[in-house]
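# Geometric and topological summary
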2 protein chains.
Amino acid sequence: MSKITSSDVAKLAGVSQSAVSRVFSGASASKATQEKVRRAATELGYRPNVLARSLITGRSRIIGLVVAYLENPFYPDVLERMSKALQAEGYHTLIFMASWTSDVDRVLEELLDYQVDGIIAASVALSDGLIDRCRGAGIPIVLFNRGQEEGGLTQVTCANRAAGAAVAQHLMATGHEKIAHVSGWEGSMTGRDRAAGFAEALAADGRDLKVLPGDYDREKAAAAACELVDGGADAIFVGNDHMAFGVIDALRHERGIAVGKDVSVVGFDDVPMAAWPSYDLTTWQQPSGQMVEAAVDRMMALIEGDASPQRVEIEGRLIQRGSSRKET
Amino acid sequence: MSKITSSDVAKLAGVSQSAVSRVFSGASASKATQEKVRRAATELGYRPNVLARSLITGRSRIIGLVVAYLENPFYPDVLERMSKALQAEGYHTLIFMASWTSDVDRVLEELLDYQVDGIIAASVALSDGLIDRCRGAGIPIVLFNRGQEEGGLTQVTCANRAAGAAVAQHLMATGHEKIAHVSGWEGSMTGRDRAAGFAEALAADGRDLKVLPGDYDREKAAAAACELVDGGADAIFVGNDHMAFGVIDALRHERGIAVGKDVSVVGFDDVPMAAWPSYDLTTWQQPSGQMVEAAVDRMMALIEGDASPQRVEIEGRLIQRGSSRKET
DNA sequence: GCAATTTTTGCATACGTTTGCAAAATCACG
DNA sequence: CGTGATTTTGCAAACGTATGCAAAAATTGC
């Protein structure tokens, strides 16, 4: 049973505890002591206690990552990238599942108890009270793939509005007549922006648009799509890939529709599965790598203190595949 | 800028700092002080500093979760459940990505630096040195969905051998002649057990078996399956669902094979996607809920100290769907 | 080889809690 | 109301580290 402390190492190395601390925290120390301390440390198997260190430095090198649901494969991908990117910066990830059932606030309070150096909220809305609290405690927040009007928070998203518009342009250019939309969740700005951009572009061409809510739910989206097609739609823009797969399955297997011929389906995200031949989904690519990079970069800047809240928008691009008609 | 400590609360409440501590750590305190302290605490917005508490109690209420890759949708599901289950027990999850590129050991050392109360390793092998180290430090380890001969560790897996055998029985009973297997990774006991059980059951019936390695990689598995089918196979058992989807896609779109008629494909895991009509995959169900429950339960017992290493095997069952022939 | 300067070192304190101990307060009960 | 038993309370010492400060050692210039 071991609890090796810096004092133990100090004793063995014949130096003071402070010397050991200095060697491991990278402060100045002579070659001689460096050597002695390192030797003693490896002999005893000593490693500094991060918690004790945090207590005194006031920085835990822990980032709290709040994520709502991992059913949509976009988020596991983001989680993996995020965790690795933070690891590379010497930070670690304390993860919190904020299923819309449990209230986010209580969960976030617990996060704060761990003295996290920052919070990244992926696809989760934060209450104003919480935001104030974090600001008071000097804990930076970065919103990932979710915008929020209030709070003046740093946020990293795709250029959703422009993307929605671009998808609309594409569908019009490829000769679709009755264009419809299965939207995300009304409470998410991300979803609203996509829908708004899409609607604007159609309106600019004098077309009207039928929208049904999908709420990021596969089944609900599938049902909505069926209803839209029954109403004569020949193109459906779906709020994300995860729903789009459900839509394709339903159209194909419940309605017997040839997706990509009779009806075009376009998704959003470009998760790996979108490239699989069974779906071959035309979709707007959200470059998760770039987005994660930006989020981590902003977080680091905020922690260093030399940054003010900022809205980062990553472009992305349309990936044309077989689920949508190519020619007019 | 706030850093409200128990002393601040004590001052406001007119009691000693220890009194505050006692109220928040659930020790005995009179109704009167309870009241005074709580009032003062909420007024100041005080919450105990978990790190400081951990330093003295020696328990961080953090569990380190090591996970290799989230590409296989089985793991996001597990991660979500695990994190929630631990949250419910008052623990939190520090996540570590151990991509086979970065060496697991270094990553785990960092985990230990955070004084985690336990480590759950999902689908990751631990070096003997690491295991000794953890045992020395009294940190319990639970292996999830991965066995390990050595080390005498607690592990939670599916009854892989029996499951493999059952799949073989099923394929024989439904009249398949040339049965083949795309295996997982040789380095994983989980994969080896499934393959072994499968092979044994076939051998018991006097049949031989062609096996090609899939290494849990979608593309590699797809190529292997094509090769097997070219060699005349009429049934393929694939080491997990994630690979099976690749296999189905390849057979269907590259070879033009009617999966479920010409060739049967059986997977392992029963991830949600397996039920989607585009794949409709016959597969062995690993009850992730039960497995997570067992893993967390074992972990709690180990932390309490009243448990010895144990191997838990969850049964699971075959889910018959359209990717395999039903009748003989 | 000596004074002036720089680097290295140890001492002591602080970080925000929990907890053993003994004193103080409260309670039960004749 | 007094005595003994019980509960509540404050004091002070931990937990394992970082760091300001002053003393000691090493380095430099001449």
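Residues numbered from 1 in each chain as written. Chains lettered and ligands numbered in written order. Predicted model: local features only at pLDDT ≥ 70, side-chain atom pairs only at ≥ 80, totals over all residues. Heavy atoms only, no water.

### Brief notes about helix 12 (residues 288-304) of chain A
Residues and elements named next belong to chain A. Put simply, the test is: Only DSSP runs of H or I reaching four residues or more are called helices, and only runs of E reaching two or more are called strands; each is numbered from the N terminus. Take the number of residues in a helix, subtract one, and multiply by 1.5 Å to get its expected span. Buried, partly exposed and exposed residues are distinguished by accessible area as a fraction of the type maximum, computed with a 1.4 Å probe on protein chains only: under 20%, between the cut-offs, and over 50%, respectively. Contact between two residues is taken to exist if any of their heavy atoms lie within 4.5 Å; hydrogens are not considered.
When the terminal C-alpha atoms of helix 12 are compared, their 24 Å separation across 17 residues agrees well with the 24 Å that a helix rising 1.5 Å per residue should span. Burial analysis of helix 12 places twelve of its 17 residues in the buried class, the great majority of the element. Turning to helix 12, its buried residues are Ser288, Met291, Val292, Ala294, Ala295, Val296, Arg298, Met299, Met300, Ala301, Leu302 and Ile303. Along its buried surface, helix 12 packs onto strand 1 (62-67), helix 5 (74-88), strand 3 (118-122), strand 4 (141-144), strand 5 (154-158) and strand 11 (311-314).

### A look at the pairing of strand 10 (residues 282-285) of chain B
Keep this limit in mind: Strands qualify as paired when DSSP identifies two bridges or more between them.
Bridging between strand 9 (residues 264-269) of chain B and strand 10 of chain B involves four bridges; their strand directions are parallel. Bridge assignment links Asp269 of chain B to a residue of strand 10 of chain B, and that residue is Gln285 of chain B.

### Remarks on the pattern of salt bridges
Just so we agree on the cut-off: Put simply, a salt bridge is a Lys or Arg side-chain nitrogen that is within 4 Å of an Asp or Glu carboxyl oxygen.
By the definition in use, this model includes 34 salt bridges over all chains. In this structure, Glu109 of chain B engages Arg47 of chain A in a salt bridge whose closest nitrogen and oxygen atoms are separated by 3.7 Å. Taken together, the residues span two chains, with Glu109 of chain B in helix 6 (residues 104-113) and Arg47 of chain A in the loop between helix 3 (31-44) and helix 4 (50-57). Ionic contacts of the salt-bridge type, sharing partners, join the residues Arg47 of chain A together with Glu109, Asp113 and Arg133 of chain B into one network.

### Here's the deal with the environment of Cys134 of chain B
Within the secondary structure layout, Cys134 of chain B lies in helix 7 (residues 128-137). In contact with Cys134 of chain B, other than residues within four places in its own chain, are Leu112, Ile119, Ile139 and Ile141 of chain B.

### Examining the protein's contact with DNA strand C
What counts, and what does not: Residues are counted as near a molecule or strand when any one of their heavy atoms sits within 4 Å of it. Here a polar contact is recorded for every N or O atom pair within 3.5 Å, except that within protein the pair must consist of a potential hydrogen donor and a potential acceptor, and residues adjacent in sequence are included only if both atoms are side-chain atoms.
Arg22 and Ser30 of chain A together with Gln17, Ser21 and Arg53 of chain B are the nearest of the 26 residues found near DNA strand C. Counting only the atoms of DNA strand C within 4 Å of the protein, the fraction contributed by sugar and phosphate is 55%. Within the side chain of Arg22 of chain A, an N or O atom sits 2.6 Å from a base nitrogen of DNA strand C. Thr33 of chain A is positioned with one of its side-chain polar atoms (N or O) 3.0 Å from a phosphate oxygen of DNA strand C. Elements that contribute at least two residues to the surface near DNA strand C include exactly helix 2 (17-24) and helix 4 of chain A together with helix 2 (17-24) and helix 4 (50-57) of chain B.

### Observations concerning the interface of chain A and chain B
So the rule is basically this: By buried area we mean how much accessible surface two parts lose on assembly, using a 1.4 Å probe and totalling the loss over both. Each residue is assigned to one of three groups, with Ala, Val, Leu, Ile, Met, Phe, Trp, Tyr, Cys and Pro labelled nonpolar, Asp, Glu, Lys and Arg labelled charged, and all others, Gly among them, labelled polar.
In this complex, chain A contributes 52 residues to the contact, which on the side of chain B involves 53 residues. Approximately 4,800 Å² of surface area, both sides summed, lies buried where chain A meets chain B, with 60% of it carried by carbon and sulfur atoms. On the chain A side of the contact with chain B, Leu51, Tyr114 and Trp276 of chain A bury the most area, a combined 15% of that side's loss. In this assembly, chain A and chain B are joined by four salt bridges. Our count for the chain A to chain B interface comes out at 20 residue pairs in polar contact (both at pLDDT 80 or more). Looking at the side of chain A that touches chain B residue by residue, the classes come out as 24 nonpolar, 15 polar and 13 charged. Taken together, the three bridges between strand 2 (residues 92-97) of chain A and strand 2 (residues 92-97) of chain B define a ladder with antiparallel strand orientation.

### Quick notes on the protein's contact with DNA strand D
Taken together, 26 residues are adjacent to DNA strand D, and Ser6, Ser21 and Arg53 of chain A together with Arg22 and Ser30 of chain B come closest. Protein-adjacent atoms of DNA strand D, using a 4 Å cutoff, are sugar or phosphate at a proportion of 54%. Counting residues per element, the ones that place at least two in the surface near DNA strand D are helix 2 and helix 4 of chain A together with helix 2 and helix 4 of chain B. A per-class count over the surface near DNA strand D returns nine nonpolar, 13 polar and four charged.

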